[in-house]
Structures are given as C-alpha cells and as structure tokens.
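Summary of the model geometry
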Amino acid sequence: MTYTAYRTKEKIVVDGKLNEKAWALAPKSPRFVDIINGGPALYDTKVAVLWDDEYLYFGYWVEEPYVSATFKKRDELLFNENNVELFIDGGDTYYEFEINALNTIYEIFFIWKDAYKQGGKFDVPEFNVHERDAYTFGGNHDRISKHFWDGTHPRGLRWAFRDWDFPGLKTAVHVDGKVNDNTHIDKGWTVELAFPWEGMKWLANGRSLPPQEGDEWKFQFARYEKLISLEKNVGWAWDPTGSDDNHKPEKFTPVTFSKKFIEDL
C-alpha cells in the first residue's frame, strides 16, 4: 500500500496533542495489522505524515485501555514494553526509533556492512566503529542458534551505532488517561514527531532534502504491545513483514511526497 504525504502551511507545535487542523486533514493510515501475518490487531493504531521545508512530521493515534510505561532513561530497551516505532530506510542505511508513553526514546542507526568500505562515504568520524558504541547486528534472529551471528537477511550484517542521535529531533506524547493506573480505563495516547530534513543526510540516498514532487521514501510504522494476560509481546504495523524479524527495509511502507499543501486539497 502506498501513501501520499502532503505539505502543511500550518506551524506544527510538537506537544503530542495532534490538534492542528493539518492533522485533521491529513490522510490517516489503515488500522495497523499483525506485523507477521497481517491479521487483525486487538487495539486500533493509525499514523499520518506531514511535512514542510524544515521538518518531516509523524502523528500516531494509539488506542490503549491501560496505558503503561516504565522506562525513563534514553536508549533503554523500549521494545521490552509497550511502544510505538518508526524505521526510515536509507538504502545502505536505516534508522530505528521507538518511544513509550513517558516520551522516553530509543534510537539506533544502521549501516549495512557490505556498504561500509575503507575510504568510502561512511568511513568518517561520525561512524568510526573503533571509537563509537558500535556493534554488528544480524536482525532479530542473530542470537538464535540456527542463525547465530549472521541472522536471516540475505544482505547479512549491519553495523549498529547505539550512541547515534538524530540531530534536532522533537518528540512529544499526550496521554488520554492515567499512566500505570489499572483502576482507570484509558482511551490511549498520541505521539507527535518532527525530524529535521537537515538531519536526514545519511538516509537521503541521493534524494533531495526537503523532497521534490514524487520522491519516494520507505518507512516502517509499527507498535509493540505487551499482552499481560497472554504473557506475550505482539507487534502491529501498517504493512506486515511476514516475519518476527522486523528489520526488513524491503518490506517497509512506501510514502510518496507531494508539494501540494494539505490545506488546499
């Protein structure tokens, strides 16, 4: 499924409330489905995309009757609790972002190992594997005995930079309810994100920043939910990946950028 992201004339205030007129006008995704098989998800999740000449914006609407979050330290392993996720594909790179209902974030920058060459474009101090907090990563299956070290992706390993922060990133969360209070039934929470285009240089892969009419990028829009009663973590996404390894950029959702203003449609 493809999606068209339109520009906005309105100044977006990143407060998590998604109450600007532009968000009301922006087309929303379908309800997220099971990330593996595309089956129905228990709770509703939708996302919308907007942009202007300075930022790329994402808004998430997350239904959750008992909003919960415990991690408060940046880059803690948020995939171990309820979270919203965004991946951005950059060809030879990709970026992973996660956020919980406390507005705690986790982010990792990946460079495919076959693209990381001595003297190449990624051989720069920003990605010095000897001095940065860098690890080899083979996807979610690289610690399973059958696929130990290399994982299952045909492209193989990635360099994962755990200490990389997206420059100028703005994030906010608004909870319609009470976090960690199971005596109260909540409506859920909303997430508002603003990524500066100038911070996208390692993900642009030859594309203009900001984009030109018709430019296409690929994103993974996902959510992970800990279903306590089932003792199981489940993943829901806009488009399924067909696997419990969601590090598959070829399965991400394509987004086409339009220079038309959402307010003029």
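Residues numbered from 1 in each chain as written. Predicted model: local features only at pLDDT ≥ 70, side-chain atom pairs only at ≥ 80, totals over all residues. Heavy atoms only, no water.

Overview of the side chain of Arg158
Its place among the elements puts Arg158 in strand E9 (residues 158-161). A polar side-chain atom of Arg158 sits 3.1 Å from a polar atom in the side chain of Tyr94. Beyond its immediate sequence surroundings of up to four residues, Arg158 is in contact with Tyr94, Phe110, Ile111, Trp112, Lys113, Tyr135, Thr136, Phe137, Gly138, Gly139, His153 and His247. (Helix = DSSP H or I, 4+ residues; strand = E, 2+ residues; numbered from the N terminus. Polar contact = N/O pair within 3.5 Å; in protein donor to acceptor, adjacent residues only side chain to side chain. Contact = heavy atoms within 4.5 Å.)

A closer look at the layout of surface pockets
Of the volumes computed, that of the largest pocket is approximately 790 Å³. In terms of lining, the largest pocket is formed by 29 residues, of which the most central are Phe79, Phe137, Asn140, Asn246 and His247. Considering each element in turn, the lining of the largest pocket owes the most residues, four residues, to strand E13 (residues 232-237). Across the lining of the largest pocket, the residue classes tally to twelve nonpolar, eight polar and nine charged. (1 Å grid on protein atoms, 1.4 Å probe; cavity = no way out; pocket = protein on both sides within 12 Å on 5 of 7 lines; lining within 4 Å. Points joined across faces, edges and corners; volume = space filled by probe spheres on them. Nonpolar A, V, L, I, M, F, W, Y, C, P; charged D, E, K, R; others polar.)

Observations regarding the side chain of Thr190
As for its placement among the helices and strands, Thr190 is situated in strand E11 (residues 188-196). At 2.5 Å, the side chain of Thr190 and the backbone oxygen of Gly16 are in polar contact. In contact with Thr190, other than residues within four places in its own chain, are Gly16, Lys17, Leu18, Tyr60, Trp61, Ala172, Val173 and His174.

Considering the environment of Pro30
Position of Pro30 relative to the elements: it lies in the loop between helix H1 (21-25) and strand E2 (33-34). Relative accessible area serves as the criterion here: at 33%, Pro30 is assigned to the partly exposed category. Measuring from C-alpha to C-alpha, the distance between Pro30 and Phe261 comes to 22 Å, with 231 residues separating the pair along the chain. (Buried < 20%, exposed > 50% of the residue type's maximum accessible area, 1.4 Å probe, protein only.)

Overview of the pairing of strand E4 (residues 55-63)
Among the nine residues of E4, seven are classified as buried, and the element is accordingly described as predominantly covered. In terms of strand pairing, strand E3 (residues 45-51) meets E4 through seven bridges, oriented antiparallel. In the strand pairing of E4, Val49 is matched with Phe58. (Pairing = 2+ DSSP bridges.)

Such coordinate-based values are descriptive only and should not be taken to indicate function.
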